[in-house]
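Observations on the model geometry
As a plain string of letters, each chain reads:
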Amino acid sequence: MKVTYNWLKDFLNIKISPKSLAEKLTMAGLEVVSLEEAGGDFVFEIEITSNRPDWLSILGVAREISAVTGTKLKAVNPKEPKIKVKGIKPVNISVQDKKDCSFYSARVIRDVKIGPSPQWLKERLELLGCRSVNNIVDITNYVLFELGHPLHAFDLDLLNQETIVVRRAKPGEKITTLDDQQRLLGPETLVIADNEKPQAIAGIMGGKASEVTARTRNILLESAVFNPVLIRRTRQKSGLQSESAYRFERGVNLETAKLASLAAQGLICKLASGKPCGYKSIGIARSTDPSIKLETAYVNRILGSTISAPKIRQILKALDFCLKAQRKGAFLVKAPGFRQDIKSAIDLVEEIGRIYGYPEIPQTLPAIKPNLNICGQRDIVSRLKNALVGLGLQEAITYSLIDRELLARSGIKPPAQLVEILNPLSREQEVLRPSLLPGLIRCLAYNLDRQQEYASVFEIANVFSGSAGSPEERLSLGIALCGSRPILTKQGLVRDEFILLHLKGILERLFNNLGIREYDFSSQGSGLVNVAIKQQETGFMLDLNKQSLDALGIKNKRVILAEINLEKMLSHINLDKKFFSIPRYPAVTRDISFIIKDDIPVQGLLAAIEAKGLPLLHSAKIVDYYQGKQIPPGFRGLTVSCVYRANDRTLTESELAPLHNSICSLLEERFGIKLR
Amino acid sequence: MDIKLIQAQIETDLANAISPQLLEELRVKYLGRKGLIAELTASIPTLAAQERGAFGREVNGLKSKLLTLFAEKEKNLTGSIQGEINNNIDIGMPGIAPTLGSVHPITQIIDEICGIFTRMGFCVVEGPEVETENNNFTGLNIPLEHPSRDAFDTFYLKDYPKLLLRSHTSPVQVRAMKAHKPPLAIVVPGRVYRPDAVDASHLFMFHQIEGFLVDENIRFSDLKGTLSLFAKSVFGRDIKMRFRPHFFPFTEPSAEVDISCIICKGKGCSVCGRKGWLEILGAGMIHPNVFKHVGYDPEKYTGFAFGMGIERIAMLKYGINDIRLFFENDLRFLNQF
C-alpha cells in the first residue's frame, strides 16, 4: 500500500525526514519497501500485514506515526449536517441476512455536478497509483485511501424505486460489472440490488447499469460492513481483485464506515456542489468486546524485559486503547473499534513490545533441556550420505513432483496407484514421485548433454504411493551411475565403465559400514537384481535396457540404477561394535588361478571352497578376473585368494599343503576348472 | 679364536658399508658359501671333542646375530634408495586418489544449521511432506478462510480430501507437541511445497528449517539471544541483526529478522535493495492458541519458534543468483561445494 508524506501531514505534524520516518515505520512493523520522491511529495510503499486492515489508510498510518513519534493526531470528526431540503421520500434499505452484512448505510445526495476533480485531488490519487475518473468516483476513492473504508456511489435515478436490497444472488442472475464483464451470479454471492436486479457485487465491484456518469444528477452513497469470508470467497471465485475487496476481506469496522460516509458527503458537497438529502442506515450494534486483563509482570515474562507499568500505560494510550488501572501493575484494557485484531493479552504484549522497540528488549540465552528420546534419523542418514560421498558419489536433490510421462519413459515400474496433485501449475507437477530414479535418470541425461564423461549420483528422499486412507510416504535411497570413470593409476589412465558390480560394491560397502550383515543379491534376469537383507526384499539394482535409454535420449552409455527402501534398510542397522583380538599368528595366503566356464556362477564355487577349507581357511575371495587373449572363448580366468590361519600356532607347510591341494582338486572335479 | 673380536670387527665393517654393493661384498665375505661363518663351521670337526660343543654354540650365536645385523643394515640402505627414487618423481604430475563426491549444498547448509542448534541442545526431528489441513493450517492458528492464508498457497492431493503437501515445516510443531510434553527443543529441516510460478527466486519446492523451544519461562529475549548466536555462527561474528515486528498467525509477538547485508556490510547494494539489511527468517513467541490446540497449558508454558528458507541462506552465503540451480543438479554446480 502507498501513502504520501504530505497527505500524512494532513493528520499530524511530522518533524522527521521521510527517510527516518520510513525507518521508524519499518521498525514498528509497517515495512517500508520503497520510498520515492515524486511530484514534490514522497511516496512510501508499505507492506501491510494481513492482521492490520486499519493500517490500510493514510489515517491508520498517521495514527501509528503518532504513537511512535509521540506527536498528537489532529482530530477527525466531521459533523452530521442538518438536512435542509424537505419533501423527499427516504431510501428503503432491506438486508436479507445480517450475518452477510452487519451494517448498511445509504446517503442520498442530490444535484451533484459531475466533472473533473480538482488538481490537488487528482495528484494525490495519482501518486497512489489510482486513475482519476470523475469527481464523485474520485471522492469515493480518496476517502477509501484516506480512511480505509470502501464506498460505492450509485446513480440514484437509475435504481428502481430508490430501494436497496442486500441479498444473495438468485441462481442464474447476471450483472455487468464496471469493467464491462458480464458475470453469472449464484447464491454464494452477496449483491446490492434494487427491486428489480443486482446493481453491484457487494464489496467487490459496482454494476454498469447504475454507474455514475457525466449525466448523473443524484447519487446514492453506500457505506457498509460486509462479511469478510463471503467477500473473500466471491473474490477468489470471480478472480475480481479490487481495493475494496482487499479491505473488506481483511475486515472493516462500523465506526470508520460511518466516518467515511460522512467525510465523502462533505467532499461531494464541497467539490461537486451536492446537497445532502437524507441518510438511512440499518445494522446491528456491534457487541462491545470485553475488556482484557493485562498484568505488567505478564508483559515482562513474555518479552524478557523490564518495562514499567507507567510505560505500558503510555504506549497503549498512544495507540488509542482505553485503560483502567486495577491493583498494582494490572490494567483492564479496551481496544478501539478499529482494532479487531486485539483479542487477548498476548496481542497487547505484541503492541507494547512493538512500540517499546524490539531493539530495546535484551538478548538472553535460554537454559535448554534436551530430550534425546525424540531425535529423528537424520544422524544416521547423514552417516549414509557421507559414506556414499566417500565412495565417490555426488548427492543430488531432484523434485518430488514429476510428470507421468517421465515416469513412463524411465522404464521404472510404477506402483498400482500414483498420488496425484489436485492443482498443479504445470505438467511437471502432476504426481508425487513413486521412485527417485526418474529424477536421477533425468539428472544423468542433463549432465551427459553437458559433456560429462560420467556421472555417479545419489539422492535420499521420500517417495509416495497411493493407498487407502492416506498415501504411503517413505524414505528411499536412489543411486544412478553412468559412463566411464577415468581412474589414474601408477601405470596410467584406466577407464572404468560402470556396471552392476560397481553398484553391488557400493551397496556392500554401505551395508558393512552400517553393520548390516546377511544381505544377498539375486539376479532376476534382464539386468534386474534383487537386493535382500535378512531374506527381506529391500530394493533392487537395474541395468537399464536399451529401449528406456533410447526413450531418455542416452546414447552409447550404460545406466546402472539402484533403489533401496531406506526404512527397511535402516531397521537392520547394527552399530554395536565389538572388538575381536588381532590374530597373534601370521596368516598364509595361497592364490589359485584357473579358468572356468563363464556360465558357472562363482557364488557356489566360493561356498564350496569355504566348506572344504574348514577350519583353517579364514577366507576365500576372488581377487582378479580376466577374459581375453589367453583365455579360450566361453571361459574366464579367475584368481581366488585363500587365506589360512590358526589361532594358536603358525601354520606349517606340511599341514597346509594337503588342505590347499584338496581344495584345488575339489574345484577341478566339481567345477571343471583348469589350473593355470 | 675370539668370536667376540670377530663380531666387533664385522660390526665396524657394517658401519662403514654405505652402499648396497658394499653390503653385498660383506655378506659374501662373512655369510657366503665360502665366507667366514662357513669356514668356522667347517673347522668344528677339527677341534678337540670337549671344545666342539661350546665353540659350535658360539658360532651359531654369531651367525644369527649377523643375520639380524645384515637385515637391519639392508633395510636402512634400501630405505635411502627409495628416497632417491622419490626425488626423481615429477611432483608436478597429477596426484593419484580415489574420487570423492560431495553432499548437496542444501544438505550442507541444513547440516551446518542443525549442527549449530544441536550444539545448543536442540534435537533434529523430521515430519511427513504429505500433511493434514489441520496440522498445516488450523492447528497453527491459521483460519481456513482468512487472508493470512494467502501467504501459503498450497498443493492439494486429488484423491485425498483434507490432505496437502505441507507449505511450511511448522506442522511438525503441532506433531511434536501432540506427541511429547515440554520441555521441547527441536529443529526441523525439510522440503516444503507451494504452487509458485518458477523464476530465478521462486520454485514450487524448496527447503525450510523450523525451530522451536517450549518450556516454562521462555521469553522473547531468549529468542533474540538464540537467533543472534545462530546468525553469528552462520554469517560471521561481525554481523548485525535486527528484529522487526511482523505478523504470523502462529506466533505473537512476531518478528522478521534481518542481518546486515553480507555483501555491502550494511551500506546498501543491489543484493539488499539498497537497504543494508537482508531478511533471513521469521520468528516469534508461539501463540497461546497453538498451545491450546495441542493441549498445552498456555498459562504454564511459553515458547518461541522460528523458520527460515534454506535456499535463501545458501544463495546469500554462496553468492548464487538463481534458485533453479539447486535442483538442476548440474555437476559443474554441485562439484563446487
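Residues numbered from 1 in each chain as written. Chains lettered and ligands numbered in written order. Predicted model: local features only at pLDDT ≥ 70, side-chain atom pairs only at ≥ 80, totals over all residues. Heavy atoms only, no water.

In this section: the overall build of chain B. When you go through chain B residue by residue, the secondary structure sums to twelve helices and nine strands. Computed over its C-alpha atoms, the radius of gyration of chain B comes to 38 Å, more than 25% above the 20 Å expected for a compact globule of 337 residues. Considering only residue pairs separated by 6 or more positions, chain B has 65% of its internal contacts joining residues 24 or more positions apart. Of the roughly 15300 Å² that chain B leaves accessible, carbon and sulfur atoms contribute 52%. Across chain B, 38 positive and 39 negative side-chain charges occur, with their mean positions spaced 2 Å apart. (Helix = DSSP H or I, 4+ residues; strand = E, 2+ residues; numbered from the N terminus. Rg over C-alpha atoms; globule rule 2.2 N^0.38 Å. Contact = heavy atoms within 4.5 Å. Areas by Shrake-Rupley, 256 points an atom, 1.4 Å probe, with all protein chains shown as cover. Lys, Arg positive; Asp, Glu negative; His and termini not counted. Charge placed at Lys NZ, Arg CZ, Asp CG, Glu CD.)

Residues and elements named next belong to chain A. The full count for this structure, using the stated rule, is 58 salt bridges over all chains. Ionic pairing is found between D179 and R183, a salt bridge with its closest N-O pair at 2.8 Å. Taking the relative accessible area as the measure of exposure, R183 reaches 17% and is therefore buried. Taken together, the shared-partner salt bridges connect R52, D54, E64, R339, D341, E351 and R354 into one network. (Salt bridge = Lys/Arg side-chain N within 4 Å of Asp/Glu carboxyl O. Buried < 20%, exposed > 50% of the residue type's maximum accessible area, 1.4 Å probe, protein only.)

This paragraph deals with helix α3 (residues 36–43) of chain B. All names here are of chain B. Turning to α3, its buried residues number three or more, namely L36, I37 and L40. Considered in projection along α3, the buried side chains sweep an arc of 100° and stay on one side of the axis. Exposed positions of α3 whose direction lies more than 90 degrees from the buried face are E39 and A42. (Arc of directions from axis to C-beta.)

Listed by partner, the interface residues are 95 residues for chain B and 90 residues for chain A. With both sides pooled, the region where chain B packs onto chain A buries about 7900 Å², and carbon together with sulfur makes up 57% of that total. The tally of links from chain B across to chain A stands at eight salt bridges. A salt bridge links B:D215 to A:K369; its shortest N-O distance comes to 2.6 Å. Connecting chain B to chain A are 39 residue pairs in polar contact (both at pLDDT 80 or more). In terms of residues, the side of chain B that touches chain A owes the most to one element, helix α8 (residues 220–235) of chain B, which gives eight residues. Of the residues contributing to the side of chain B that touches chain A, the split by class is 48 nonpolar, 23 polar and 24 charged. (Buried area = accessible area lost by both parts, 1.4 Å probe. Polar contact = N/O pair within 3.5 Å; in protein donor to acceptor, adjacent residues only side chain to side chain. Nonpolar A, V, L, I, M, F, W, Y, C, P; charged D, E, K, R; others polar.)

Bringing the environment of A:T256 into the picture now. Residue and element names in this part refer to chain A. Along the chain, T256 turns up in helix α8 (residues 254–272). A residue is classified by how much of its surface remains accessible, and T256, at 12% relative accessible area, is buried. Here the alpha-carbon distance between T256 and A224, two residues 32 residues apart in the chain, equals 9.8 Å. Within the structure, the side chain of T256 is placed 2.9 Å from the side chain of N253, a separation counted as a polar contact.

A word on the sheet that holds strand β2 (residues 31–38) of chain A. All names here are of chain A. Reading across from one edge, β1-β3-β2 is the order of the three strands in this open sheet, with antiparallel pairing throughout. Every other strand in the sheet has two partners, leaving β1 (2–4) and β2 as the edge strands with one partner each. Taken over all neighbouring pairs, the strand axes of this sheet differ in orientation by 25° on average, direction set aside. Where β2 meets strand β3 (residues 41–47), seven bridges bridge the pair, whose relative direction is antiparallel. Across the sheet, the residue bridging to L35 is F44, located in β3. Running at roughly 165° to β2, helix α2 (residues 18–27) makes contact with β2 and β3 of the sheet. (Pairing = 2+ DSSP bridges. Axes fitted to C-alpha atoms, helices over the stretch in contact; angles between N-to-C directions.)

All names here are of chain A. The space that makes up the second largest pocket amounts to roughly 2200 Å³. Lining the second largest pocket we find 46 residues, and of these L501, K504, E508, V602 and I622 sit closest to its centre. Elements with a contribution of two residues or more to the lining of the second largest pocket: β24 (492–497), α15 (500–513), β25 (519–525), β27 (536–543), α18 (602–613), β30 (617–626) and β31 (635–644). Per element, the largest residue contribution to the lining of the second largest pocket is nine residues, and it comes from α15. In terms of residue class, the lining of the second largest pocket is made up of 20 nonpolar, nine polar and 17 charged. In this structure, the lining of the second largest pocket is formed jointly by two domains, domain 4 (378–571) and domain 5 (588–675), each of which donates at least three residues. (1 Å grid on protein atoms, 1.4 Å probe; cavity = no way out; pocket = protein on both sides within 12 Å on 5 of 7 lines; lining within 4 Å. Points joined across faces, edges and corners; volume = space filled by probe spheres on them. Domains from an automatic or database assignment.)

Here we take up the domain arrangement of chain B. On domain assignment, one finds that chain B holds domain 1 (3–87) and domain 2 (105–334). Each of domain 1 of chain B and domain 2 of chain B has a C-alpha centre, and the two are 78 Å apart.

Okay, the domain arrangement of chain A next. As far as domains go, chain A holds domain 1 (2–69), domain 2 (92–283), domain 3 (292–359), domain 4 (378–571) and domain 5 (588–675). Each of domain 2 of chain A and domain 3 of chain A has a C-alpha centre, and these two points are 37 Å apart.

Residues and elements named next belong to chain A. Strand order across the open sheet formed by four strands is β30-β31-β29-β32, with antiparallel pairing between neighbours. Every interior strand has two partners, whereas the edge strands, β30 and β32 (674–675), have only one. Contacts between α18 and the sheet are confined to β29 (588–597), β30 and β31, with β30 contributing the most and set at about 150° to the helix. Running over the sheet, helix α19 (residues 653–671) touches β29, β31 and β32 and is turned about 15° from β29.

Here we come to empty space enclosed by the protein. All names here are of chain A. For the structure shown, the criterion picks out two cavities of 30 Å³ or more. Volume-wise, the largest cavity comes out at about 150 Å³. For the lining of the largest cavity, the element with the most residues is helix α3 (residues 58–69), which contributes three residues. Considering only residue class, the lining of the largest cavity consists of five nonpolar, seven polar and three charged. Counting contributing residues per domain, the lining of the largest cavity is built from domain 1 (2–69) and domain 2 (92–283), each supplying no fewer than three. Taken as a whole, the second largest cavity encloses approximately 50 Å³ of empty space. When grouped by side-chain class, the residues that make up the lining of the second largest cavity number three nonpolar, one polar and five charged. Each of domain 1 (2–69) and domain 3 (292–359) gives at least three residues to the lining of the second largest cavity.

With that out of the way, let us pick up the environment of A:S548. Residue and element names in this part refer to chain A. Topologically, S548 is positioned in helix α16 (residues 546–551). The class for S548 is buried, based on a relative accessible area of 7%. Sequence-distant contacts of S548, defined by excluding residues within four places in its chain, comprise R409, S410 and G411.

This brings us to the nonpolar core. As a rule of thumb, soluble globular proteins bury nonpolar side chains together. Of all hydrophobic cores here, the largest spans 114 residues; its most connected members are B:F117, B:L227, B:F230 and B:F306. Of the residues forming this core, the biggest block, eight residues, is contributed by helix α5 (residues 105–120) of chain B. Ignoring any residue separated from it by four or fewer positions in sequence, one finds B:F230 in contact with B:I113, B:I116, B:F117, B:M120, B:I280, B:L281 and B:M308. One finds A:I14, A:I65, A:V112 and A:L147 within the second-largest nonpolar core, a separate group that totals 49 residues. (Core = buried A, V, L, I, M, F, W, Y, C linked by side-chain atoms within 4.5 Å.)

Another point: the pairing of β31(A). Residues and elements named next belong to chain A. Of all ten residues that make up β31, nine are buried, and the element is covered over most of its length. Pairing analysis gives ten bridges linking β29 to β31, with the strands arranged antiparallel. Residue K597 lies in a different strand from β31, and its bridge partner there is F635. Pairing geometry for β30 and β31, over eight bridges, is antiparallel. Each bridged residue has a counterpart across the sheet, and for K621 the counterpart in β31 is S641.

What follows concerns the packing of aromatic side chains. For the structure shown, the criterion picks out 23 aromatic pairs over all chains. Where B:F248 meets B:F250, the ring centres are 6.1 Å apart and the plane angle is 20°; that geometry is what we call stacked. Neither residue differs from the other here; B:F248 and B:F250 are each classed as buried. Aromatic rings pair up to connect A:Y399, B:F204, B:Y318, B:F326, B:F327, B:F333 and B:F337 into one cluster. Its end group placed over the ring of A:W55, A:R52 keeps NZ or CZ at 3.9 Å from the ring centre. Lying across the ring of B:F243, B:K224 places its NZ or CZ 5.9 Å from the centre. (Phe/Tyr/Trp six-rings, centres within 6.5 Å; stacked < 30°, edge-to-face > 60°. Lys NZ or Arg CZ within 6 Å of the ring centre and 35° of its normal.)

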